[in-house]
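Structural overview
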Amino acid sequence: MQSLAFSWHKQNQKISFVPTMGALHEGHLSLLREGRKTGDKLVLSIYVNPAQFAPTEDLAKYPRDTKGDLAKASDCRVDAVFFPSNEVMYPKGCQTYVEVANVTKGLCGASRPSHFRGVATVVLKLFNIVQPHVAIFGEKDYQQLITIQTMARDLNLPVEIKGMPTVREPDGLALSSRNAYLSKEERIAALSLSQSLKIAKEMAAAEKKDINEILESVKKAIEANGLTKTDYIKICDSETLEELTTLKSPARLLIAAFVGKTRLIDNCGI
Ligand code: AMP
C-alpha cells in the first residue's frame, strides 16, 4: 500500500482516504463518494482496530462483511482497499502510541479511557501507510473527528481532515454498524436519541439559553421508553469540546446512551 501511495505521489495524483472498520453502510458510502470527488485516487481501509476496544467491549462480535464491503467499494470506484492483518498493524514489540490530550478526556473518553489513544495511533499509522492528501471522517463520531483534526494540526501532518454530515435512516436514527445489535423493540427505542437532538435544537432555536433545562429535557426524552439509559449528555464548544455552562455559538450537543446492552452515540450542532 505504501509503495503504491508513493508511486501515485510521483505521478502527482491526489489521494483521498476513508478509514473504516468495515460492515459498510450508507454513512461510510457518503464518505467514499466525497473522496471520489476530491481525489484522483481513492483508498478505503477496513480494519477493526483492537487498540480502540477495551477488553470488555465488542471486538470479537463487531460486524464483519468483507465480501459485501468489497462489492460496495467497487460500486464507489475505490482504487485500493487496504485490509491489513493485526500482525501488519501491530508488529511484535510495538510500543509507540499517540495521545491527544484534552479533547479526548471527556465525553466518550471518560467512559472509554484508552479508546482515543487507540484511534489516534491507528489513524496516524494508516496516514503513514496511505499517504493521503485528504482524509474523510463522519461527524457521527464527532469527538473522533475533533481528535484527528487536533492530531493533524499538532503533529503537522500534511493531510486535510474533512468532516461529513451524519447519514440517518428515514426515521432519524443515525446509521451505525452497531445498529445491527438492536432487537426490534430496541430499534424503536433507539429513535429517542435523534428525537432528543431535535428537541434540544428546537429549545435552542426558541432562545432557551439555560443549558441545564435543555439537558434535562434531552435526558427525559431519551429515557422515556424505559429501554434506554444515558451514558452522557453534554453541550460543548464545537471546536475545543470544552463543556459549556451558557449556550453560545458554535455549540455541539453530544449524547451516548445504552439501548439495552448496545451503546450508541449521536450529536448535532445547536
Ligand atoms: P467506523 O467504521 O464506524 O469506524 O466508521 C468509519 C467512518 O465512517 C468514521 O469516520 C465515521 O464517523 C463514519 N461514519 C459512521 N457512521 C456514519 C454515519 N451515519 N454518517 C456519516 N459517517 C459515518
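Residues numbered from 1 in each chain as written. Predicted model: local features only at pLDDT ≥ 70, side-chain atom pairs only at ≥ 80, totals over all residues. Heavy atoms only, no water.

**Looking at the domain arrangement of the protein**
- Structurally, the protein comprises domain 1 (2-164) and domain 2 (177-269).
- The C-alpha centroid of domain 2 is placed 25 Å from the C-alpha centroid of domain 1.
- With 20 residues of domain 1 in contact, the opposing surface of domain 2 contributes 16 residues.
- Taken together, the two surfaces of domain 1 and domain 2 that pack against each other cover about 1600 Å², and 55% of this comes from carbon and sulfur.
- Considering only the surface of domain 1 that becomes buried against domain 2, Leu-107, Lys-140 and Tyr-142 emerge as the three largest contributors, covering 39% of it.
- Where domain 1 touches domain 2, the interface holds 2 salt bridges.
- For Asp-58, the salt bridge identified is with Arg-178, shortest N-O distance 2.8 Å.
- One can count 9 residue pairs in polar contact (both at pLDDT 80 or more) joining domain 1 with domain 2.
- For the side of domain 1 that touches domain 2, the elements supplying multiple residues, two or more each, are helix 5 (108-111) and helix 7 (142-154).
- Residue composition of the side of domain 1 that touches domain 2, grouped by class: 9 nonpolar, 5 polar and 6 charged. (Domains from an automatic or database assignment. Contact = heavy atoms within 4.5 Å. Buried area = accessible area lost by both parts, 1.4 Å probe. Salt bridge = Lys/Arg side-chain N within 4 Å of Asp/Glu carboxyl O. Polar contact = N/O pair within 3.5 Å; in protein donor to acceptor, adjacent residues only side chain to side chain. Helix = DSSP H or I, 4+ residues; strand = E, 2+ residues; numbered from the N terminus. Nonpolar A, V, L, I, M, F, W, Y, C, P; charged D, E, K, R; others polar.)

**Notes on the layout of surface pockets**
- Reported here for the second largest pocket is a volume of approximately 320 Å³.
- If you go around the second largest pocket, you meet 16 residues; those closest to its centre are Val-100, Val-103, Thr-150, Arg-153 and Asp-154.
- Broken down by class, the residue content of the lining of the second largest pocket amounts to 7 nonpolar, 4 polar and 5 charged.
- Residues lining the lining of the second largest pocket come from more than one domain, with at least three contributed by each of domain 1 (2-164) and domain 2 (177-269). (1 Å grid on protein atoms, 1.4 Å probe; cavity = no way out; pocket = protein on both sides within 12 Å on 5 of 7 lines; lining within 4 Å. Points joined across faces, edges and corners; volume = space filled by probe spheres on them.)

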